[in-house]
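# Survey of secondary and tertiary structure
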Amino acid sequence: MKITFLGHNTLLITIEEKQVLIDPFISGNPLSKDIIDINEIKADYILLTHAHQDHILDAEAIAKNNNATIVSNFEITSNYEKKGIKVHPMNHGGKWNFDFGTVRYVNAIHTSSFPDGSYGGQPGGFVVEANGKVIYIAGDTALTMDMKLIPMQTTLDLAILPVGDNFTMGVDDAIIASDFVACDKVLGVHYDTFGYIVIDKEEAKEKFASKNKELILLEIGQDITI
Ligand code: NI
Ligand code: MN
């Protein structure tokens, strides 16, 4: 699978001919809004970790442009279903076989409300398995012992973890999370977008390297294939 970083926690995952978009926040992201045009994004599915604005801002527009299916917790999908968007509701611990691969909605420690304050259910992350590769998209979360469940269920090829601190784990906790999920290859997300989450990228990479781990930090629009 090819994973393209579109800024913040926004990722476009290409699995053969299917496009799976994660947490679209582009038009409001000062770092990506002039680089990425949401009207050019092709998506078959949109996976939303939680309801905060910096994860869902462009979900409705991109879903409508593409007749895409939104996959998230029950509260979030109910919200989009009322807008006439195709949805697939999930909840924590459950998995489903989609036509691109298997998705499990897993625990996260965070909060989840829509921009208008309405309830967004409990936040989560996703474990996506497709074409023999497995990735963990943590979403916004603290370091949590529940991460230790993941390697009991599967073997990860890549962990996508927040590293920006303040609202989520920071770099030091992400290194511990990498141990918890038993995956030394980490794609860092949720950093630099706002003043609260600006990080020293070289120092972060060196900290991971000192533990024999790899921290990948992509430029907006850059991709990796696993
Ligand atoms: Ni959040
Ligand atoms: Mn966030």
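Please refer to the structure placed before this passage.
What counts, and at which threshold
- Residues numbered from 1 in each chain as written.
- Chains lettered and ligands numbered in written order.
- Predicted model: local features only at pLDDT ≥ 70, side-chain atom pairs only at ≥ 80, totals over all residues.
- Heavy atoms only, no water.
- Phe/Tyr/Trp six-rings, centres within 6.5 Å; stacked < 30°, edge-to-face > 60°.
- Helix = DSSP H or I, 4+ residues; strand = E, 2+ residues; numbered from the N terminus.
- Lys NZ or Arg CZ within 6 Å of the ring centre and 35° of its normal.
- Pairing = 2+ DSSP bridges.
- Axes fitted to C-alpha atoms, helices over the stretch in contact; angles between N-to-C directions.
- Contact = heavy atoms within 4.5 Å.
- Donors = N, O, S within 2.8 Å, 3.2 Å for Na, K, Ca; no water.
- Tetrahedral: all angles 85-135°; square planar, octahedral: opposite > 155°, others 65-115°.
- Buried < 20%, exposed > 50% of the residue type's maximum accessible area, 1.4 Å probe, protein only.
- Salt bridge = Lys/Arg side-chain N within 4 Å of Asp/Glu carboxyl O.
- Left-handed = near helix turned anticlockwise from the far one by under 90°.
- Core = buried A, V, L, I, M, F, W, Y, C linked by side-chain atoms within 4.5 Å.

### Comments concerning the packing of aromatic side chains
- For the coordinates displayed, the defined rule picks out eight aromatic pairs.
- Taking 6.4 Å as the distance between ring centres and 5° as the angle between the ring planes, the aromatic pair formed by phenylalanine 5 and tyrosine 191 counts as stacked. Placement of phenylalanine 5 in strand β1 (residues 2-5) and of tyrosine 191 in the loop between β12 (185-189) and α6 (201-210) is noted, with a sequence separation of 186 residues between them.
- What links up through ring pairs into an aromatic cluster is the set Tyr45, Phe98 and Phe100.
- A cation sits over an aromatic face here: lysine 148 above phenylalanine 180, 4.7 Å from the ring centre.

### Structural notes on the pairing of strand β6 (residues 86-90)
- Here strand β5 (residues 69-73) pairs with β6 via five bridges, running parallel. In the sheet register, threonine 69 faces β6, and the bridge partner there is lysine 86.

### Overview of the sheet that holds strand β2 (residues 11-15)
- In spatial order, the strands read β6-β5-β4-β3-β2-β1-β14; together these seven strands make up an open sheet with mixed pairing. Each having just a single partner strand, β6 and β14 (223-225) make up the two edges of the open sheet. Each strand axis lies, on average, 20° off the axis of its neighbour in the sheet, ignoring direction.
- Here helix α3 (residues 74-81) sits on the sheet in contact with β5 and β6, set at roughly 145° to β5.

### Some points on the coordination of the nickel ion (ligand 1)
- The coordination sphere of the nickel ion (ligand 1), as far as protein atoms go, consists of His50 (NE2), His52 (ND1), His110 (NE2) and Asp140 (OD), spread over 2.2 to 2.3 Å.
- Taken together, the four donor atoms coordinating the nickel ion (ligand 1) and their angles of 89 to 174° define a geometry best described as irregular.
- Donor residues for the nickel ion (ligand 1), ordered by position in the chain, follow H-x1-H-x57-H-x29-D.
- The metal-metal distance between the nickel ion (ligand 1) and the manganese ion (ligand 2) is 3.2 Å, with aspartate 140 coordinating both. One end of the pair, histidine 52, is in the loop between β4 (45-47) and α1 (53-56); the other, aspartate 140, is in the loop between β10 (133-137) and α4 (150-153), and 88 residues separate them in sequence.

### Points about the coordination of the manganese ion (ligand 2)
- All of the protein donors around the manganese ion (ligand 2) are Asp54 (OD), His55 (NE2), Asp140 (OD) and His190 (NE2); their distances to the metal are 2.1 to 2.2 Å.
- Mapped onto the polypeptide sequence, the residues donating to the manganese ion (ligand 2) form the spacing pattern D-H-x84-D-x49-H.
- Taking the relative accessible area as the measure of exposure, aspartate 140 reaches 2% and is therefore buried.

### Some thoughts on the pattern of salt bridges
- Enumeration over the complete set of coordinates arrives at nine salt bridges.
- One salt bridge in this structure joins aspartate 34 and lysine 33, with 3.9 Å as the shortest N-O distance.
- A relative accessible area of 66% means that aspartate 34 is categorised as exposed.
- The salt bridge involving lysine 64 is made with glutamate 60; its shortest N-O contact spans 2.8 Å. Of this pair, lysine 64 and glutamate 60 both sit in helix α2 (residues 59-66), four residues apart, which is roughly one turn of the helix.

### Quick notes on the packing of helix α5 (residues 171-180) against α6
- Between α5 and α6, the least distance of the axes is 10 Å, while the angle of their chain directions is 30°. Once α5 is placed against α6, the crossing between them reads as right-handed. Across the interface between the two elements, Val171, Asp172, Ala174 and Ile175 of α5 pack against Ala204, Lys207 and Phe208 of α6.

### Points about the nonpolar core
- Of all hydrophobic cores here, the largest spans 55 residues; its most connected members are Ile3, Ile135 and Tyr136.
- Ranked by residue count, the leading element in this core is α5, at five residues.
- Counting residues in each nonpolar core, the second largest holds 21 residues, with Ala59, Ala63, Ile70 and Ile85 among its members.

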